[in-house]
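Residue-level listing of the chains:
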Amino acid sequence: MTIQKRLQNREFVVLAEMNTPKGVDISRFMTDARRIKGRVDGVVVPDMDNGVMRMSAMAGGVLVQQQGIEALINVYGRDRNRMALQGDLLAAHVLGIQNLIVVQGEDMANSDHRDAMPVDDLDELGLLSAIQSLKSGKDMAGFDLDGNPDFFVGCHIAPFVNDEGLENELLLAKEKIASGARFVVAPPVFDLTHFESFLQRAACLNAPIIPTVFLIKSVAVARYISTNEPGAHISEEMIRRIRKASDREMEGVRIAGETIAALKKLAQGVLIQTMGWEHRLSAILDAAGI
C-alpha cells in the first residue's frame, strides 16, 4: 500500500530520512536502504541539506525505489529557478518519484559552498502552486504540457519557540494545505506532553501530522539543542539520562525508539532523522518494536 493510501486510511506510517553521498560511491547508501526495506513505509531524501553539496535528491530517490522502497524527495527554491524546478519535477515523475515534500531551504551560512548564490525564485507557497499547475497540465507560463504528472505533496512546519510562533506557523501551514499540501511534517519531538499540546492546536489543519524523531547522538548534541533551540523542549532529565548511560550512543537510540512507540498512539506517523547515522536506523526500529 502506498504512503498516500496509508495516510488516507489513517494508518500509521514510518518514514526514515537518508542523505545521499557526497560523491558517487553509493555502497553505504544502498546498504543502509536495504537494512530497512520492509520495515519502513518510505525513505525521505533531502536535497543538499544545510547547503552541503551532495548527489541530488532525485538520484537518491530513484536508487531507493530501485530497492523496492517508496521514496519522498525534498524540493525547495533555494538552488533552482522556476524553470529548473518544473523541469526537475517532470523528470521526477517520469523516473517514478511521485511523493514530494516542499520545504524551506536552509540558509547558506553553514554551507560548504558559501560563495554559491541562492536563487529563491519560488518560496514554499509558490512552489506548491507550481506543482498544482503541473498536475493540472500547464506550466507556470500557462503553456499546455504533453502529459501531466501526478504528485502526493507534503509540507513542513518550522520549529517554533512560543505560542505566537506556533500561531504563525499554523497560519502558514493552512495556506500550504490550501495550495495543495496533503500532509504536514512537524518539528522533532523531545517532550511528549508538549507535542500533545501542539497536536491539539494543529487539529485545525485537518491534515495528517507526521512528527520528526531526531536521534540524539551525544550529551553535547542534546545540550546544544537545549541551549540553541529552546522550542525543542529537551529536558534536563533527558540530558542526565544520556550522561549517566554506560553506552550514550545506544541510549540515544533507545530514547528515539521509545518516542516512536509513544507517538504511535498520538500521531499518524513519524519521520526518523539520524543526520548521517543511517546505519542506526535498524536499531531505532528495534527499540520502537517495529
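In the block above lies the structure referred to throughout.
One structure accompanies this document, and this report is about it.

Parameters at a glance
- Residues numbered from 1 in each chain as written.
- Predicted model: local features only at pLDDT ≥ 70, side-chain atom pairs only at ≥ 80, totals over all residues.
- Heavy atoms only, no water.
- Helix = DSSP H or I, 4+ residues; strand = E, 2+ residues; numbered from the N terminus.
- Buried < 20%, exposed > 50% of the residue type's maximum accessible area, 1.4 Å probe, protein only.
- Polar contact = N/O pair within 3.5 Å; in protein donor to acceptor, adjacent residues only side chain to side chain.
- Contact = heavy atoms within 4.5 Å.
- Pairing = 2+ DSSP bridges.
- Axes fitted to C-alpha atoms, helices over the stretch in contact; angles between N-to-C directions.
- Core = buried A, V, L, I, M, F, W, Y, C linked by side-chain atoms within 4.5 Å.
- 1 Å grid on protein atoms, 1.4 Å probe; cavity = no way out; pocket = protein on both sides within 12 Å on 5 of 7 lines; lining within 4 Å.
- Points joined across faces, edges and corners; volume = space filled by probe spheres on them.
- Nonpolar A, V, L, I, M, F, W, Y, C, P; charged D, E, K, R; others polar.
- Salt bridge = Lys/Arg side-chain N within 4 Å of Asp/Glu carboxyl O.
- Right-handed = clockwise from strand over helix to strand, strands pointing away.

Quick look at the side chain of Glu251
In step 1: Here Glu251 shows up in helix 10 (residues 248-263).
In step 2: For Glu251, a relative accessible area of 9% translates into the label buried.
In step 3: Among the polar contacts made by the side chain of Glu251, one reaches the side chain of Arg241 at a distance of 2.5 Å.
In step 4: Excluding its chain neighbours within four sequence positions, the residues that come into contact with Glu251 are Arg241, Ile242 and Ala245.

Comments concerning the sheet that holds strand 3 (residues 71-75)
In step 1: Spatial strand order, 1-2-3-4-5-6-7-8: eight strands in a closed barrel with parallel pairing. Across the sheet, the mean angle from the axis of one strand to that of its neighbour is 25 degrees, orientation sign disregarded.
In step 2: Sheet analysis places strand 3 next to strand 4 (residues 99-102), joined by four bridges and oriented parallel. Counterpart to Leu72 in the pairing with strand 4 is Asn99.
In step 3: Across the sheet, helix 3 (residues 57-66) lies against strand 2 (42-45) and strand 3, angled at about 175 degrees from strand 3, the strand it touches most.

Here we look at unusual backbone geometry
In step 1: Even without being glycine, Met48 reaches a positive phi, approximately 55 degrees.
In step 2: Position of Met48 relative to the elements: it lies in the loop between strand 2 and helix 3.
In step 3: In this model, Met275 sits at a positive phi of 50 degrees, which is unusual for a non-glycine residue.
In step 4: Tracing the backbone through its elements, the reader meets Met275 in the loop between strand 8 (269-273) and helix 11 (281-288).

Focus on the nonpolar core
In step 1: Grouped together as the largest cluster of nonpolar side chains are 66 residues, with contacts concentrated most on Phe198 and Leu205.
In step 2: For Phe198, the residues in contact, after removing those within four places along its chain, are Ile157, Phe160, Leu166, Ala186 and Ile209.
In step 3: Membership of the second largest hydrophobic core comes to 15 residues, among which are Leu7, Val44, Val103 and Leu271.

A closer look at the layout of surface pockets
In step 1: The space that makes up the largest pocket amounts to roughly 1,200 Å³.
In step 2: Pro159, Pro187, Pro188, Glu229 and Gln273 are the residues nearest the centre of the largest pocket, which is lined by 43 residues in total.
In step 3: Here the lining of the largest pocket gets four residues from one element, more than from any other, and that element is strand 6 (residues 183-188).
In step 4: Of the residues that constitute the lining of the largest pocket, the class distribution is 24 nonpolar, ten polar and nine charged.

Thoughts on the pattern of salt bridges
In step 1: This model, assessed by the stated rule, comprises 19 salt bridges.
In step 2: Note that Glu167 is salt-bridged to Arg201, the shortest N-O span being 3.3 Å. Of this pair, Glu167 sits in helix 6 (residues 163-178) while Arg201 sits in helix 7 (residues 192-202); the two residues are 34 residues apart in sequence, bridging distant segments of the chain.

Regarding the pairing of strand 5 (residues 152-156)
In step 1: Burial within strand 5 is extensive, with four of its five residues counted as buried.
In step 2: Sheet topology note: the strand 4/strand 5 ladder contains four bridges and is parallel. Bridge pairing in strand 5 links Val102 to Cys155.
In step 3: Taken together, strand 4, helix 5 (residues 124-136) and strand 5 form a β-α-β motif whose crossover is right-handed.
In step 4: The pairing of strand 5 with strand 6 spans three bridges and is parallel.

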